[in-house]
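# Examination of the molecular architecture
Chain by chain, the residues run as shown.
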Amino acid sequence: MLDIYYAPPSTRFMPEEPGHLEFAGSIDLDAHRSLATLFEKSRQAGTDLLYFRDSMLKPAQVTILLQTFMANAPGLGGSGQSLAAFNAIRDLLEGAVSRGMGLVAFSD
């Protein structure tokens, strides 16, 4: 499971643990894999939300990730799992962008 937390824009370094950060949501491996094409496009755009490694995204990177996901959503396909995973990640990203937050993801 990839557990994702909102990170204030003042967060400069990857925390060792979530501690006081607000939980934003989780994504499991199957859901992450179902969005592999979108994650690859976001990596090419300069931002990435890895599954097997802890990672941190600054607010600007979260915006890039959201824009990349939205621009490439039509190519996702129509499987129920992909759509559910997309909606969950989109909601999480929109929540972070609307609050001006970054994200910190911890891999189990």
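Report follows, based on the coordinates. (Residues numbered from 1 in each chain as written. Predicted model: local features only at pLDDT ≥ 70, side-chain atom pairs only at ≥ 80, totals over all residues. Heavy atoms only, no water.)

### What to know about the side chain of T11
Mapping T11 onto the fold places it in the loop between β1 (2–7) and β2 (22–27). Apart from residues lying up to four places away in sequence, T11 is in contact with M56 and K58. (Helix = DSSP H or I, 4+ residues; strand = E, 2+ residues; numbered from the N terminus. Contact = heavy atoms within 4.5 Å.)

### Side note on the pattern of salt bridges
This model, assessed by the stated rule, comprises four salt bridges. Two residues, E40 and R43, come together in a salt bridge whose shortest N-O distance is 2.5 Å. Pair noted here: E40 and R43 are both in helix α2 (residues 36–44), with a separation of three residues, about one helical turn. We note a salt bridge from E94 to R90, for which the minimum N-O separation is 3.9 Å. Taken together, the residues span about one helical turn, with E94 and R90 both in helix α4 (residues 80–99) at a distance of four residues. (Salt bridge = Lys/Arg side-chain N within 4 Å of Asp/Glu carboxyl O.)

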